[in-house]
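Report on the structure
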Amino acid sequence: KYPRVSPTSFYAMLALAATDAQAERMMTDWLLSDKFCVSTTFPQGTTDDCYWGLPSINAADPAFPPLGYWRGYVWGPMAALTYWSLQRYDHVPAAQPGRQALVTQMQAMGLNMWNRHRHICENFSPHKNATECTGCRFYHWGALTQLIALIEAGFY
């Protein structure tokens, strides 16, 4: 058994490889929990260390606290692929609230950095008090965190 859980675990849903019961459990036990910190009551229900949600490794994993390039930062491509994975299971009760919560947090995170510095980050710190990008300051795939909000609103 591989001990690490990351947002790539949701990609099985994109391929419709998960049963409805498996998808529901992934959403309730992982996405909408302290593991990936996506909260339907954002900003309530999060911690300062995992405020923005969907870190690239489970926030309860021992590898999360030190944060590394692929260990804990929030990535636009992971957010978009996870969003599209949740869309495929819209008929499952936790899918719509999970997807909407993910969109809310990704939009808030991206706008936070844009309004502060006019940056579209390569990746973002999951910490509430982060004041700057953790990768390049203007990187195309960082905008995927905002694209999912436009899709959710019906603009694409």
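Read on for an overview of the structure. Model, not experiment: these values are computed from the prediction.

The next thing to look at is the overall build of the protein. The number of helices and strands found in the protein is 5 helices and 2 strands. Going from the N terminus to the C terminus, the protein shows its helices and strands as α-α-β-α-α-β-α. The C-alpha atoms of the protein give a radius of gyration of 14 Å, which matches the 15 Å a tight globule of 156 residues would have. In terms of overall dimensions, the protein has a C-alpha envelope of 40 × 40 × 25 Å along the principal axes. For the protein, the residues scored as buried account for 48% of the 156 residues in total. For the protein, restricting intrachain contacts to residue pairs at least 6 apart in sequence, the fraction spanning at least 24 positions comes to 56%.

Turning our eyes to something else, we now look at the packing of helix 3 (residues 76–87) against helix 4 (residues 95–117). Running from N to C, helix 3 and helix 4 point in directions that differ by 160°, and their axes come no closer than 9 Å. Relative to helix 4, the element helix 3 lies roughly antiparallel. As for how helix 3 packs across helix 4, the hand of that crossing is left-handed. Contacts between helix 3 and helix 4 involve Ala79, Thr82, Tyr83, Leu86 and Gln87 on the former and, on the latter, Ala95, Gly98, Arg99, Leu102, Val103 and Met106. A class-by-class count of the residues in the contact of helix 3 with helix 4 yields 7 nonpolar, 3 polar and 1 charged.

Counting 35 residues, the largest nonpolar core has Met13, Met27, Leu54, Tyr89, Leu102, Met106 and Ile148 as the members making the most contacts within it. Every element with two or more residues in this core is listed here: helix 2 (20–31), helix 3, helix 4 and helix 5 (144–152). Broken down by element, the residue count for this core peaks at 7 residues, all from helix 4. Core analysis: the second largest hydrophobic core is formed by 10 residues, Cys37, Ile57, Trp75 and Met78 among them.

Right, let's get into unusual backbone geometry. A cis amide bond, omega 10°, links Phe42 with the succeeding residue Pro43. Checked against the element boundaries, Pro43 lands in the loop between helix 2 and strand 1 (74–75). The phi dihedral of Cys37 falls on the positive side, at around 60°, and the residue is not glycine. Tracing the backbone through its elements, the reader meets Cys37 in the loop between helix 2 and strand 1. Judged by relative accessible area, Cys37 falls into the buried class, the value being 6%. Phi at Leu54 is positive, roughly 55°, even though this residue is not glycine. Examined against the element boundaries, Leu54 turns out to sit in the loop between helix 2 and strand 1.

Let us look at the state of the cysteines. What the rule picks out here adds up to 2 disulfides. Paired through a disulfide, Cys37 and Cys50 show a sulfur-sulfur distance of 2.0 Å. In this structure the cystine formed by Cys37 and Cys50 twists about its S-S bond by roughly 105°; its chirality is therefore right-handed. Within this pair, whereas Cys37 is found in the loop between helix 2 and strand 1, its partner Cys50 is found in the loop between helix 2 and strand 1, the two being separated by 13 residues in sequence.

Analysis parameters
- Residues numbered from 1 in each chain as written.
- Predicted model: local features only at pLDDT ≥ 70, side-chain atom pairs only at ≥ 80, totals over all residues.
- Heavy atoms only, no water.
- Helix = DSSP H or I, 4+ residues; strand = E, 2+ residues; numbered from the N terminus.
- Rg over C-alpha atoms; globule rule 2.2 N^0.38 Å.
- Buried < 20%, exposed > 50% of the residue type's maximum accessible area, 1.4 Å probe, protein only.
- Contact = heavy atoms within 4.5 Å.
- Axes fitted to C-alpha atoms, helices over the stretch in contact; angles between N-to-C directions.
- Parallel < 35°, antiparallel > 145°, perpendicular 65-115°, else oblique.
- Left-handed = near helix turned anticlockwise from the far one by under 90°.
- Nonpolar A, V, L, I, M, F, W, Y, C, P; charged D, E, K, R; others polar.
- Core = buried A, V, L, I, M, F, W, Y, C linked by side-chain atoms within 4.5 Å.
- Disulfide = S-S within 2.5 Å.

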